[in-house]
Amino acid sequence: MKMAAKVLCIIALIVGLIWATVGFFGSWVGGAVSAAGKVLSNDSKGAASAISDTSMLMIRLIGSFVVVIIAGVLGIVGSDKKPAKLKTIILGLLTFICGCFLFPLNNYIAAVIYLVAGFLLLLAGLIVKPEKQEEKMPGQ
């Protein structure tokens, strides 16, 4: 499960960063073109509204960029081969929460992937069995 979570976190990191970057620059250009078209048609209120909407979308996409990086790091660190049980549970839960935060930040694909990866890490932490240490007799 940890290997699957690590692969999902890497995929979500790549997809989320591309989504946030392309979305940021796309909304920048699209908002400028939309506002310019409204200015040419003498709709100054519409142009101001378009700029306002575009700026709010760009701010959400910058926040999405940051959360995607945080969730990726948490998921990859949480999927180490032999971390402590509590560490895996906490990092899985934090990855899941970051996935929830990505929905209002308009990064839907990465959000779903981080939700699945966080759930897998949480399950992996809950079902980890402690390893038994062999007792050595003195003189061996």
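Nothing here was measured: the structure is a model prediction, and the numbers come from that model.

**What about the overall build of the protein chain?**
Piece 1. Scanning the protein chain from terminus to terminus reveals four helices and zero strands.
Piece 2. Listed N to C, the secondary structure of the protein chain is α-α-α-α in terms of helices and strands.
Piece 3. Its C-alpha atoms give the protein chain a radius of gyration of 22 Å, clearly above 14 Å, the size a compact globule of 140 residues would have.
Piece 4. The dimensions of the protein chain, computed from C-alpha atoms along their principal axes, are 90 × 20 × 20 Å.
Piece 5. Looking at the protein chain residue by residue over its 140 residues, the buried ones come to 34%.
Piece 6. Pairs at least 24 apart in sequence give 76% of the contacts found in the protein chain among residues at least 6 apart.
Piece 7. For the protein chain, the exposed surface amounts to about 8800 Å²; the carbon and sulfur share of it is 74%.
Piece 8. Charge separation in the protein chain, taken as the distance between the mean sites of 12 positive and 6 negative side-chain charges, equals 2 Å.

**Observations regarding the environment of Cys-98**
Piece 1. Considering the arrangement of structural elements, one finds Cys-98 in helix H3 (residues 85-102).
Piece 2. Residues Cys-98 and Ile-51, spaced 47 residues apart in sequence, show a C-alpha to C-alpha distance of 28 Å.

**Here we look at the packing of helix H1 (residues 2-40) against helix H4 (residues 108-126)**
Piece 1. Look at H1 against H4: their axes get within 8 Å of each other, and the N-to-C directions meet at 160°. With respect to H4, the element H1 is oriented roughly antiparallel. H4 is crossed by H1, and the crossing has left-handed handedness. The segment H1 lies against H4, with Lys-2, Ala-4, Ala-5, Leu-8, Cys-9, Ile-11, Ala-12, Leu-13, Val-15, Gly-16 and Trp-19 engaging Tyr-108, Ile-109, Ala-110, Ile-113, Tyr-114, Val-116, Ala-117, Leu-120, Leu-121 and Ala-124.

**Focus: the packing of aromatic side chains**
Piece 1. All told, the structure shown has four aromatic pairs when counted by the stated rule.
Piece 2. Arranged with centres 5.8 Å apart and planes meeting at 40°, the rings of Phe-25 and Trp-28 form a pair that is tilted. Of this pair, Phe-25 and Trp-28 both sit in helix H1, three residues apart, roughly one helical turn.
Piece 3. The partly exposed category is assigned to Phe-25, whose relative accessible area is 42%.
Piece 4. When the ring of Phe-103 is compared with that of Tyr-108, the centres are 6.5 Å apart and the planes differ by 35°; the resulting orientation is tilted.

**Some thoughts on the packing of helix H2 (residues 44-78) against H3**
Piece 1. Look at H2 against H3: their axes get within 9 Å of each other, and the N-to-C directions meet at 160°. As far as their axial angle goes, H3 and H2 are roughly antiparallel. In the crossing of H2 with H3, the sense of the turn from one axis to the other is left-handed. Contacts between H2 and H3 involve Ser-64, Val-67, Val-68, Ile-70, Ala-71, Leu-74, Gly-75, Val-77 and Gly-78 on the former and, on the latter, Lys-87, Thr-88, Leu-91, Leu-94, Thr-95, Cys-98, Phe-101 and Leu-102.
Piece 2. When the residues that make up the contact of H2 with H3 are grouped by side-chain class, the tally is eleven nonpolar, five polar and one charged.

Reading the values: rules and limits
Residues numbered from 1 in each chain as written. Predicted model: local features only at pLDDT ≥ 70, side-chain atom pairs only at ≥ 80, totals over all residues. Heavy atoms only, no water. Helix = DSSP H or I, 4+ residues; strand = E, 2+ residues; numbered from the N terminus. Rg over C-alpha atoms; globule rule 2.2 N^0.38 Å. Buried < 20%, exposed > 50% of the residue type's maximum accessible area, 1.4 Å probe, protein only. Contact = heavy atoms within 4.5 Å. Areas by Shrake-Rupley, 256 points an atom, 1.4 Å probe, with all protein chains shown as cover. Lys, Arg positive; Asp, Glu negative; His and termini not counted. Charge placed at Lys NZ, Arg CZ, Asp CG, Glu CD. Axes fitted to C-alpha atoms, helices over the stretch in contact; angles between N-to-C directions. Parallel < 35°, antiparallel > 145°, perpendicular 65-115°, else oblique. Left-handed = near helix turned anticlockwise from the far one by under 90°. Phe/Tyr/Trp six-rings, centres within 6.5 Å; stacked < 30°, edge-to-face > 60°. Nonpolar A, V, L, I, M, F, W, Y, C, P; charged D, E, K, R; others polar.

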